[in-house]
Amino acid sequence: MINPGFFSVIGIGIGAILLYAVLGVILMLLGFYAVDLTTPGKLNVMVREGLPNAVVITAAGMISMALIVVTAIYTSSGFLTEGLIQTAVFGIIGILAQVGAVRLVEWVMGIDIGAVLAADRVLPQSFLISAAHLALGLVVAFAII
């Protein structure tokens, strides 16, 4: 026999999953556009054109942002509304911190990110920038914890 409150719990759980999924997608898109706005050129066009460094760096940035968003969701409050607000705030602050830190690494290293992104062959600098995205995403994710 199924507990009378079972389907209510399932419904609430499904609603929470959908809301967190929508929020996660919004934060991922905000993160992508934050990277796009802080780099020369249109990143989405470079990715569509298959420029290898743009694809590698964007992929690392997306994984990094996902780490931040997942950590923000994981550490959020048990109450749905508070959890969504906490996830949104920590996600936005985390993404801004990560993007700013990567731009700082590029500046300190003297990397011309525009030239790297526009290159038609894979450049070693793209691996450094990708590693910076991932490393800083992990740092921000653990700062949220």
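Structure: above.
Residues numbered from 1 in each chain as written. Predicted model: local features only at pLDDT ≥ 70, side-chain atom pairs only at ≥ 80, totals over all residues. Heavy atoms only, no water.

**Here we look at the overall build of the chain**
Test applied: We count a stretch as a helix when DSSP gives it H or I for four or more residues in a row; a strand needs E for two or more, and each element gets its number in order from the N terminus. Relative accessibility under 20% of the residue-type maximum defines a buried residue, over 50% an exposed one, and the middle range a partly exposed one, all with a 1.4 Å probe and only protein chains included. For this analysis, residues touch if any pair of their heavy atoms sits within 4.5 Å.
In terms of regular secondary structure, the chain is built from 6 helices and 0 strands. Going from N to C terminus, the chain has its helices and strands arranged as α-α-α-α-α-α. Across its three principal directions, the C-alpha atoms of the chain cover 65 × 30 × 25 Å. When the 145 residues of the chain are sorted by exposure, 39% land in the buried category. Contacts in the chain between residues far apart in sequence, at least 24 positions, make up 75% of those at least 6 positions apart.

**A closer look at the side chain of Gln98**
Put simply, the rule is: Whenever a nitrogen or oxygen atom comes within 3.5 Å of another N or O atom, the pair is scored as a polar contact, on the condition that within protein one atom can donate a hydrogen and the other can accept it, and that pairs from neighbouring residues in sequence are kept only if both atoms are in side chains.
Structurally, Gln98 is set in helix α4 (residues 80-109). A residue is classified by how much of its surface remains accessible, and Gln98, at 0% relative accessible area, is buried. Side chain to side chain, Gln98 and His133 meet in a polar contact 2.8 Å long.

**Quick notes on the pattern of salt bridges**
Going by this rule: The salt bridge definition used is simple: a Lys or Arg side-chain nitrogen within 4 Å of an Asp or Glu carboxyl oxygen.
Considering all chains together, one arrives at 2 salt bridges under this definition. Residue Lys42 is joined to Asp36 by a salt bridge in which the shortest nitrogen-to-oxygen separation is 3.2 Å. Residue class for Asp36 comes out buried when judged on its relative accessible area of 5%. Here Glu106 makes a salt bridge to Arg103, at a shortest N to O gap of 2.7 Å. Of this pair, Glu106 and Arg103 both sit in helix α4, 3 residues apart, roughly one helical turn. Note on Glu106: relative accessible area 4%, which makes it buried.

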